[in-house]
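Single-letter residue listing:
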Amino acid sequence: MANQFMATILLPTEKTEEFMSLIPQQRGAVIRLVQRNTILYYSLSADRTKLWICFNATDEDHVRRIISRFPMFKFMKVKIDELMFTESKTMLFPELVLN
């Protein structure tokens, strides 16, 4: 059974050329995990120094293994918390498609 976890990730304030070159790979990895319903939310702060990612995972170690495969992992400082629940408009009231 999957539980929900929130990862708070600190990113470097100074972005190196190497860091910037990894953005497309990072986005691709995130998109694949969203499509698999492993990532529910992926949010970046306006100053681009913090990420919040909500995961469906079996346990905290599972989340750590996922994050450790991110292309930008070596630039990340990670804190993970298990969530009791997550509510949002889209989770409570899915958008209707009239096709």
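For the structure, check the block above.
**Quick notes on the sheet that holds strand β2 (residues 39-44)**
Stage number 1. Read across the sheet, 4 strands follow the order β2-β3-β1-β4 without closing on themselves; strand pairing throughout is antiparallel. Edge positions in the sheet fall to β2 and β4 (77-83), since each has one partner strand and no second. Across the sheet, the mean angle from the axis of one strand to that of its neighbour is 15°, orientation sign disregarded.
Stage number 2. With 7 bridges connecting them, strand β1 (residues 3-10) and β4 associate as antiparallel partners. For F5, the partnering residue across the bridge sits in β4 and is E82.
Stage number 3. Packed onto the sheet, helix α3 (residues 60-68) meets β1, β3 (50-57) and β4 and runs at close to 145° relative to β4.

**Some details on the environment of D59**
Stage number 1. Inspection of the secondary structure assignment puts D59 in the loop between β3 and α3.
Stage number 2. Taking the C-alpha atoms as reference, D59 lies 8.5 Å from Q4; in sequence the two are 55 residues apart.
Stage number 3. Among the polar contacts made by the side chain of D59, one reaches the main-chain amide nitrogen of D61 at a distance of 3.2 Å.

**Some thoughts on the pattern of salt bridges**
Stage number 1. By the definition in use, this model includes 3 salt bridges.
Stage number 2. Across the pair E60 and R64 runs a salt bridge whose closest N-O atoms are separated by 3.1 Å. Separated by 4 residues within a single helix, E60 and R64 lie in helix α3, roughly one turn from each other.
Stage number 3. Taking the relative accessible area as the measure of exposure, E60 reaches 33% and is therefore partly exposed.
Stage number 4. We classify R64 as partly exposed; its relative accessible area is 36%.

**Points about a positive patch on the surface**
Stage number 1. A cluster of basic residues, R32, R36, R65 and R69, forms a positive patch on the protein surface.
Stage number 2. By the element assignment, R32 lies in helix α2 (residues 23-35).

**Looking at the nonpolar core**
Stage number 1. Counting 21 residues, the largest nonpolar core has I9, F55, I67, F70 and M76 as the members making the most contacts within it.
Stage number 2. The element best represented in this core is β3, accounting for 4 residues.
Stage number 3. Excluding its chain neighbours within four sequence positions, the residues that come into contact with F70 are Q26, L33, I39, I53, F55 and M76.

**Here's the deal with the layout of surface pockets**
Stage number 1. Of the volumes computed, that of the largest pocket is approximately 350 Å³.
Stage number 2. Elements with a contribution of two residues or more to the lining of the largest pocket: α1 (17-21), α2 and β2.
Stage number 3. Looking at the lining of the largest pocket, the element that brings in the most residues is α2, giving 5 residues.
Stage number 4. Of the residues in the lining of the largest pocket, the class split is 10 nonpolar, 1 polar and 3 charged.

Conventions we followed
- Residues numbered from 1 in each chain as written.
- Predicted model: local features only at pLDDT ≥ 70, side-chain atom pairs only at ≥ 80, totals over all residues.
- Heavy atoms only, no water.
- Pairing = 2+ DSSP bridges.
- Helix = DSSP H or I, 4+ residues; strand = E, 2+ residues; numbered from the N terminus.
- Axes fitted to C-alpha atoms, helices over the stretch in contact; angles between N-to-C directions.
- Contact = heavy atoms within 4.5 Å.
- Polar contact = N/O pair within 3.5 Å; in protein donor to acceptor, adjacent residues only side chain to side chain.
- Salt bridge = Lys/Arg side-chain N within 4 Å of Asp/Glu carboxyl O.
- Buried < 20%, exposed > 50% of the residue type's maximum accessible area, 1.4 Å probe, protein only.
- Patch = residues over 30% accessible without salt bridge, like charges linked within 9 Å, V, L, I, M, F, W, Y side chains within 5 Å.
- Areas by Shrake-Rupley, 256 points an atom, 1.4 Å probe, with all protein chains shown as cover.
- Lys, Arg positive; Asp, Glu negative; His and termini not counted.
- Charge placed at Lys NZ, Arg CZ, Asp CG, Glu CD.
- Core = buried A, V, L, I, M, F, W, Y, C linked by side-chain atoms within 4.5 Å.
- 1 Å grid on protein atoms, 1.4 Å probe; cavity = no way out; pocket = protein on both sides within 12 Å on 5 of 7 lines; lining within 4 Å.
- Points joined across faces, edges and corners; volume = space filled by probe spheres on them.
- Nonpolar A, V, L, I, M, F, W, Y, C, P; charged D, E, K, R; others polar.

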